[in-house]
Amino acid sequence: MHPAPSLILFTVLSGLGFGLMVWLGFGALVPLGWVGFVFWALAYGLAGGGLLAATFHLGHPERAWRALSQWRTSWLSREGVLSIVTFAVMAPHAAGSVFLDRPLPVLGALGGGLALLTVFSTAMIYAQLRSVPRWHHWTTPAVFMLAALAGGGLLAGQVAAAGPLFALLAVALALHWHMGDRRFAAGPDTAESATGLGRIGKVRLLAPPHTGRNYLLREMVHVVGRKHAARLRLIALAAGAVVPAVLLVALPAGHLLGALAVLLHLAGMLAARWLFFAEAEHVVGLYYGRR
Amino acid sequence: MTALPPPSAKKLGLVIDLDTCVGCHACVVSCKEWNSQSPLGAPLADLDAYGAAPEGTFLNRVHSFEVTREAGPPVVVHFPKSCLHCEDAPCVTVCPTGASYKRAEDGIVLVNEDICIGCGLCAWACPYGAREMDGAERVMKKCTLCVDRIYNETLPEPDRVPACVKSCPAGARHFGDLGDEDSAVSRLVAEREGFALMPDQGTKPVNRYLPPRPRDALPEFDVLAPYLEPVTEGAGGFLGWLDRTLGKI
Amino acid sequence: MPEGDFPLHALTQRPMAMYHSWGSQNAWLRQIHGVNPLFVSGEIWAEHGFAEGDWAILTSAHGEIRVPVARMDALNGKTVWTWNAIGKRKGAWALSPEAPEANRGFLLNHLIHELLPPRGDGLRWANSDPVTGQAAWYDLRVRIRKAPPGGPDHAEPDFAPIASPVPPAPGTVRHGGRTS
């Protein structure tokens, strides 16, 4: 799949923002006044910025509001609705903490749960697609939610909890890659089942339907840059999860160290999310003799 | 509403005969022609039309496959592909706006371009590559089964079929109600063991494909040899005269 | 002509799709057939060690061309073929000089002499069908070899662009229908 920068930014930034909201909402820390303002601005800024980035992916961003209507069937719609509801439910708690020194823990906890659900629904936009075997698996929401919880925990200064969460994230990433590498080949969809010509023999593309480019190939049979995948996986795993975990567990906590861990994690997750898209093979590639 | 309607009794769709398709792309071109002039939606654009990397929107495309058999030489199969109007259309349920929908009355899957936000998720959800985002209009385009032809009473009756069916010079495309067991298309599917594409995706496509018929094996040459004797040998009349005259030249 | 020197028949035919428009270089059809590979049989493919994306040198008694190859197992081992009239000179038909037709499209014409060999009467006859004037494509015999690595990323011969007598073509083309 085409690794669109807008979608990479959307999933990474909004995941981090909603992840931070989970910790703030459940009261793992209750920053008040200016400190509170910084934390809440960061959470809303990351989550909102990510959603804004996502609208750059749309052909008609001015119609984006219509995406809130189909929450009964569409995970993308659910994601939109949940983010707005989370923002709204969380707002009194945030405003109370910042301006009145009066946190509202019940609304906070409700908002925290909604924030986690939002991240889950973001992951389900991808995990629901049977046409992309690498995504269609529980490791997809596992990676998205652990990344949000670990990254958010780090931003919230929850060093003790974030360390193990990073370790879990590393495991989830490794599982997502390891199992994902085999799923397409192990699955039922082949050039033979795609064309139904398996009853005659072995199917091979002789000539594509067009020698020019098309939307399908650009969007869903994106193979550019996959040769760097092995190296990028190492970078993503190390910077996104392993090094932050080690830093948090092994070294004394501090703002500088925290900032370093955040930057490393962000860079690592951007790489991981690039891989998430670029390595995902769509079954339509079977009609083009490519994956 | 992107919830799928209950399965309709009427399931309009195409039956494509892979035995007779010659790979001429007439259906590809007539499809683009009809759907570009249709008042139902925006024309299908071509970006960089005369440049280094032309890229246009097509709702129907013809692939060419080569099938290697266990016995006999490999065969070339031309393979037209457009929307299969699935009963369990994953492209419809993922749509966040309600732009994608499946008609309750005849099962046709359509896009309301006026409320499509161009997110592309429906194209991702389709395993068959049946949907393409238009590069100029930035909305999703797909086969409408020529809904503006098949019910169009201003057209003469024989023309009330999809443009691709009408234009196919090989008669390889058939249109009809696959929900009706007695329809011509359903009988064709039953007779020729028509099949669905990628059944494991669970989409329950309405469109069916008819497999290439078994190829004739080459007979022993001496079976035909008697028939290959010169027909004019010893013949009289005009042919005999012609044969003798030509033989002298 | 000794068969050993030129063991293969080289054929072309016009793609059916191109008959959907006679008018000009059509924006739709050039997406269907914008480049033409030389189709070779599985035997030739294996014999010369071709891989996807490779180029071949095709030689006739008259000339030599460098072309992209593609494998076709359904083809007999004595024939190579390609789609005709996809290759264009750079600048022709008001196409961009970077157009695929002008870079990865090619013609067999460069392998065919316009005149037949001398027959001893001092005249050389046109190498074409006496009735239709068509060049005698089906007489063409060739030999093939893998192009040495490191060649250019376009077919050869490659001529300088010609000036277009018409203004540059538009970028995006849409016609008919509703536009909003």
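Residues numbered from 1 in each chain as written. Chains lettered and ligands numbered in written order. Predicted model: local features only at pLDDT ≥ 70, side-chain atom pairs only at ≥ 80, totals over all residues. Heavy atoms only, no water.

1. Some remarks on the overall build of chain A
In terms of regular secondary structure, chain A is built from 10 helices and 1 strand. Secondary structure elements in chain A, listed N-terminal to C-terminal, are α-α-α-α-α-α-α-β-α-α-α. On C-alpha atoms alone, chain A measures out to a radius of gyration of 21 Å, which is about the 19 Å that the 2.2 N^0.38 rule sets for 291 residues. Taken over 291 residues, chain A has a buried fraction of 57%. Counted over contacts in chain A with a minimum sequence separation of 6, partners at least 24 positions apart contribute 77%. As displayed, chain A offers around 11,700 Å² of accessible surface, 75% of which is attributable to carbon and sulfur atoms. Looking at chain A, you have 21 positive and 9 negative side-chain charges, and the mean spots of the two groups are 5 Å apart. (Helix = DSSP H or I, 4+ residues; strand = E, 2+ residues; numbered from the N terminus. Rg over C-alpha atoms; globule rule 2.2 N^0.38 Å. Buried < 20%, exposed > 50% of the residue type's maximum accessible area, 1.4 Å probe, protein only. Contact = heavy atoms within 4.5 Å. Areas by Shrake-Rupley, 256 points an atom, 1.4 Å probe, with all protein chains shown as cover. Lys, Arg positive; Asp, Glu negative; His and termini not counted. Charge placed at Lys NZ, Arg CZ, Asp CG, Glu CD.)

2. With respect to the domain arrangement of chain B
For chain B, the assigned domains read domain 1 (12-210) and domain 2 (219-249). For domain 1 of chain B versus domain 2 of chain B, the separation of C-alpha centres amounts to 52 Å. (Domains from an automatic or database assignment.)

3. A word on the interface of chain A and chain B
A common way to report how large an interface is uses the accessible area buried once the components associate. Counting residues at the interface gives 59 residues for chain A and 61 residues for chain B. Taken together, the two surfaces of chain A and chain B that pack against each other cover about 4,900 Å², and 60% of this comes from carbon and sulfur. On inspection of chain A and its partner chain B, the count reaches 3 salt bridges. Between Arg218(A) and Glu55(B) there is a salt bridge; the shortest N-O distance is 2.5 Å. For the pair chain A and chain B, the number of links is 28 residue pairs in polar contact (both at pLDDT 80 or more). (Buried area = accessible area lost by both parts, 1.4 Å probe. Salt bridge = Lys/Arg side-chain N within 4 Å of Asp/Glu carboxyl O. Polar contact = N/O pair within 3.5 Å; in protein donor to acceptor, adjacent residues only side chain to side chain.)

4. Observations regarding the interface of chain A and chain C
Facing the 6 residues of chain A at the interface are 10 residues of chain C. Around 610 Å² of area is buried between chain A and chain C when both sides are counted, 50% of it from carbon and sulfur atoms. It is Arg204(A), Leu206(A) and Thr211(A) that lose the most area in chain A upon contact with chain C, and together they represent 73% of the buried surface on that side. Across the contact surface, chain A and chain C share 1 salt bridge. A salt bridge links Asp73(C) to Arg204(A); the shortest N-O distance between them is 4.0 Å.

5. Quick notes on helix H1 (residues 26-37) of chain B
Each α-helix turn comprises 3.6 residues. Residues three or four places apart therefore point the same way. Residues and elements named next belong to chain B. For H1, which comprises 12 residues, the first-to-last C-alpha distance of 17 Å matches the rise-based estimate of 16 Å (1.5 Å per residue) to within 8%. Burial analysis of H1 places 10 of its 12 residues in the buried class, the great majority of the element. Where H1 is concerned, the buried positions are Ala-26, Cys-27, Val-28, Val-29, Ser-30, Cys-31, Lys-32, Trp-34, Asn-35 and Ser-36. (Expected span 1.5 Å × (residues − 1).)

6. Overview of the sheet that holds strand E1 (residues 12-17) of chain B
Residues and elements named next belong to chain B. The strand order E10-E1-E11 describes an open sheet built from 3 strands, whose pairing is mixed. Edge positions in the open sheet fall to strand E10 (173-177) and strand E11 (208-210), since each of these has one partner strand only. Adjacent strand axes in the sheet meet at a mean angle of 25° when their direction is disregarded. Note: E1 against E10, 5 bridges, orientation antiparallel. Directly across from Val-15, in E10, lies its bridge partner His-174. The sheet strands contacting helix H6 (residues 184-192) are E1, E10 and E11, and the helix crosses E10 at an angle near 120°. (Pairing = 2+ DSSP bridges. Axes fitted to C-alpha atoms, helices over the stretch in contact; angles between N-to-C directions.)

7. Observations concerning the sheet that holds strand E1 (residues 202-207) of chain A
If you trace the 3 strands from one edge of the open sheet to the other, you get E1(A)-E4(B)-E5(B), paired in antiparallel fashion. The sheet is open, and its two borders are formed by E1 of chain A together with strand E5 (75-82) of chain B, each paired with just one other strand. Averaged over neighbouring strand pairs, the angle between their axes works out to 40° when direction is ignored. With 8 bridges connecting them, strand E4 (residues 60-68) of chain B and E5(B) associate as antiparallel partners. From the neighbouring strand, Glu66(B) faces E5(B), where its bridge partner is Val76(B).

8. Examining the packing of helix H1 (residues 5-25) of chain A against helix H10 (residues 255-278) of chain A
All names here are of chain A. One way to put it is that H1 packs onto H10 with a least axis distance of 9 Å and a crossing angle of 135°. With respect to their mutual orientation, H1 and H10 come out oblique. Crossing geometry of H1 relative to H10 is assigned as right-handed. Residue-level contacts link Leu-7, Ile-8, Leu-9, Thr-11, Val-12, Leu-13 and Leu-16 of H1 to His-265, Leu-266, Met-269, Leu-270, Arg-273, Trp-274 and Phe-277 of H10. Of the residues assigned to the contact of H1 with H10, the class counts are 11 nonpolar, 2 polar and 1 charged. (Parallel < 35°, antiparallel > 145°, perpendicular 65-115°, else oblique. Left-handed = near helix turned anticlockwise from the far one by under 90°. Nonpolar A, V, L, I, M, F, W, Y, C, P; charged D, E, K, R; others polar.)

9. Structural notes on the environment of Thr118(A)
All names here are of chain A. Within the fold, Thr-118 resides in helix H4 (residues 105-127). When its relative accessible area of 0% is taken as the criterion, Thr-118 is described as buried. A sequence separation of 104 residues divides Thr-118 from Ser-14, and the C-alpha atoms of the two residues are 9.4 Å apart. In this structure, Thr-118 is in contact with Phe-18, Glu-79, Leu-82, Ser-83 and Thr-86, ignoring residues within four places of it in sequence. A distance of 2.7 Å separates a polar side-chain atom of Thr-118 from the backbone oxygen of Leu-114.

10. Regarding the pattern of salt bridges
On inspection of all chains with the given rule, the structure shows 28 salt bridges over all chains. In this structure, Asp46(B) engages Lys32(B) in a salt bridge whose closest nitrogen and oxygen atoms are separated by 2.7 Å. In this pair, Asp46(B) sits in strand E2 (residues 46-47) while Lys32(B) sits in helix H1, placing the two residues 14 residues apart along the sequence. The exposure class assigned to Lys32(B) is buried, which follows from its relative accessible area of 0%. Each of the salt bridges in this network shares a partner with another, and the network as a whole consists of Arg134(A), Asp181(A), Arg233(A), Glu279(A) and Glu281(A).

11. What about the packing of aromatic side chains?
In total, this model carries 23 aromatic pairs over all chains according to the counting rule given. When the centroid spacing of 4.7 Å and the interplanar angle of 20° are considered together, the rings of Phe39(C) and Trp81(C) count as stacked. Here the residue Phe39(C) occupies a position in strand E2 (residues 38-40), and Trp81(C) occupies one in strand E5 (residues 79-83), the gap between them amounting to 42 residues. Classification of Phe39(C) as buried rests on a relative accessible area of 4%. One aromatic cluster is present, built from ring pairs that chain together Tyr126(A), Trp135(A), Phe144(A), Phe276(A), Phe277(A) and Trp124(B). Its end group placed over the ring of Phe58(B), Lys32(B) keeps NZ or CZ at 4.1 Å from the ring centre. (Phe/Tyr/Trp six-rings, centres within 6.5 Å; stacked < 30°, edge-to-face > 60°. Lys NZ or Arg CZ within 6 Å of the ring centre and 35° of its normal.)

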